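Residue strings, one per chain:
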Amino acid sequence: MDNRTNTIAGWVLGAGIVLLGASIVTGEVFKAERPEKMGYPIEGVELEGDGGDAAEAPIATFLASADAGAGEQVFKKCAACHTVNAGGAGGLGPNLHGIMGAPLAAKPGFAYSDALKSKGGTWTWDDMSAWLKSPKAFAPGTKMTFAGLGKPEDRANLMVYLNGQGSNLPLPAAPAAGANPAEAAAQKGDQPAAGDKGEKEPVLTEGQAAKQPVGRVMGEGAPETSGREGQAKTKAE
């Protein structure tokens, strides 16, 4: 009886050792490395932190060299929900014939979201680019489920193609060579760029500056006084 018990205990212990060894060997062979970034990349979606520090050039820069033929290929991503032919029926999205320059959320017979209807205005080149880049960012709460086109070249090609489908708007002028996005934004908003003088800052000639009270001279033409000479003039006054 004792021999049988010892035999059974030996078999159980041996089986446990075998299972433990197999588990260790399997873990080493099929060891999985944790990726540095979790998740899967999705085409058309800009990853958080990628290129976030670099300002994107104005869309007019890309429109200057855009290709309508390439835009037609990009439109295939939209064709599941939209038609673009004249008089085409709406589907999950409205018909897009003549969309460039048209009022936002105004195609008859389509139920637009309140988020898009509240935007107002027309489909300008800049607004269409922003919409195609990220519908949810352009109109938070929109029913549009498309993630967006992260590449400005794709957006420019698509817009040129759409423009040829009943809109035919003139392309915007491309920014001057060497102009950076910050300067272009400043010019567009009619705001002074960094280093420029504000509209209300006085610019005085030397003659006008000379008539100002000592210690209160202002403007570009104001003479500078410093050191003992300036202190002596202040005391004399």
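Everything below is about the structure printed above this text.
All values reported here derive from a predicted model rather than from experimental measurement.

(A) Main features of unusual backbone geometry. Located in the positive-phi region is Ala105, a residue other than glycine, with phi close to 50 degrees. Tracing the chain through its elements places Ala105 in the loop between helix H3 (68-75) and helix H4 (114-117). Judged by its relative accessible area of 16%, Ala105 is buried. Even without being a glycine, Asn168 presents a positive backbone phi close to 60 degrees. By secondary structure assignment, the location of Asn168 is in the loop between helix H7 (152-163) and helix H8 (181-188). Note on Asn168: relative accessible area 58%, which makes it exposed.

(B) Just the pattern of salt bridges, in detail. Considering all chains together, one arrives at 3 salt bridges under this definition. Between Lys133 and Glu56 there is a salt bridge whose closest N-O contact spans 3.7 Å. Residue Lys133 is located in helix H5 (residues 125-133), and its partner Glu56 is located in the loop between helix H1 (2-29) and helix H2 (59-63); the two are separated by 77 residues in the primary sequence. The partner of Asp114 in a salt bridge is Lys117, and the shortest N-O contact between them spans 3.5 Å. In this pair, Asp114 and Lys117 both sit in helix H4, 3 residues apart, roughly one turn of the helix. The class for Asp114 is exposed, based on a relative accessible area of 58%. A single network of salt bridges, built from pairs that share partners, joins Glu56, Lys133 and Arg155.

Quick notes on the rules
Residues numbered from 1 in each chain as written. Predicted model: local features only at pLDDT ≥ 70, side-chain atom pairs only at ≥ 80, totals over all residues. Heavy atoms only, no water. Helix = DSSP H or I, 4+ residues; strand = E, 2+ residues; numbered from the N terminus. Buried < 20%, exposed > 50% of the residue type's maximum accessible area, 1.4 Å probe, protein only. Salt bridge = Lys/Arg side-chain N within 4 Å of Asp/Glu carboxyl O.

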